[in-house]
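A look at the structure
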Amino acid sequence: MGEYLGPLFAIIAGVLFVSVTLLVSSLVRPSLPSAAKEQPYECGENPVGTPWGVQFNIRFYVFALVFLIFDVEAVVLLPWALAYLDLGTGALVAGLIFIGMLVLGLADVWVKGDLEWVRREERQALKARRRQSASAAA
């Protein structure tokens, strides 16, 4: 029975900490509701129209996929880095091939401009519009 007391106290302490924190924060925080605060937050996009009608910028998904690829890379490389000396030269070659493929993938994404939030073409079009509006105003 004694081996269960440690986890039991940890669970009780966790529940008490969360409960007290929520109680104190509800007593201390200001409560000034407004229409703007009650609107749903849509990741930087204005929540206009139906939820199915909002079209997100595809770059959100490209950044997420690139992050996911390199996140998985870290998960694979950590055990490899810890054990490659015991596994021999084959493991070293396989790891270097894996890293090389990831570098090629990163280079491909970089060359295509998918790591830039505003693409080169859009930046050039914006500069052209600014020049036109400046010349029209003059």
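This structure is a prediction, so every number in the text was calculated from the model and none was measured.

Within the element layout of this structure, Leu77 appears in helix H2 (residues 59–87). Residues Leu77 and Ile99, spaced 22 residues apart in sequence, show a C-alpha to C-alpha distance of 8.7 Å. Once residues lying within four places of it in the same chain are set aside, the contact partners of Leu77 are Phe98 and Ile99.

Remark: the empty space left among the atoms is shown by a probe the size of a water molecule rolled over them. As a volume, the largest pocket reaches approximately 160 Å³. As for the largest pocket, its lining consists of Val62, Leu65, Val66, Ile69, Phe70, Met101, Leu102, Gly105, Leu106, Val109 and Asp114. Tallied by class, residues from the lining of the largest pocket come to nine nonpolar, one polar and one charged.

Turning our attention to the pattern of salt bridges. Under the definition given, this model contains one salt bridge. Across the pair Lys112 and Asp108 runs a salt bridge, and its minimum N-O distance is 3.5 Å. Here the residue Lys112 and the residue Asp108 both occupy positions in helix H3 (residues 89–112), the gap between them amounting to four residues, near one helical turn. A residue is classified by how much of its surface remains accessible, and Lys112, at 52% relative accessible area, is exposed.

Let's shift gears to a nonpolar patch on the surface. A cluster of nonpolar side chains, contributed by Leu5, Leu8, Phe9, Ile12 and Leu16, occupies part of the molecular surface with about 470 Å² of accessible area. For Leu8, the location among the structural elements is in helix H1 (residues 5–28).

Given a rise of 1.5 Å per residue, 29 residues ought to cover 42 Å, and the 40 Å separating the end C-alpha atoms of H2 matches this to within 8%. Buried residues of H2: Arg59, Val66, Glu73, Leu77 and Trp80, and no others. Note on H2: the residue one or two positions beyond its end, Gly88, has a positive phi of about 100 degrees.

Rules used throughout
- Residues numbered from 1 in each chain as written.
- Predicted model: local features only at pLDDT ≥ 70, side-chain atom pairs only at ≥ 80, totals over all residues.
- Heavy atoms only, no water.
- Helix = DSSP H or I, 4+ residues; strand = E, 2+ residues; numbered from the N terminus.
- Contact = heavy atoms within 4.5 Å.
- 1 Å grid on protein atoms, 1.4 Å probe; cavity = no way out; pocket = protein on both sides within 12 Å on 5 of 7 lines; lining within 4 Å.
- Points joined across faces, edges and corners; volume = space filled by probe spheres on them.
- Nonpolar A, V, L, I, M, F, W, Y, C, P; charged D, E, K, R; others polar.
- Salt bridge = Lys/Arg side-chain N within 4 Å of Asp/Glu carboxyl O.
- Buried < 20%, exposed > 50% of the residue type's maximum accessible area, 1.4 Å probe, protein only.
- Patch = residues over 30% accessible without salt bridge, like charges linked within 9 Å, V, L, I, M, F, W, Y side chains within 5 Å.
- Areas by Shrake-Rupley, 256 points an atom, 1.4 Å probe, with all protein chains shown as cover.
- Expected span 1.5 Å × (residues − 1).

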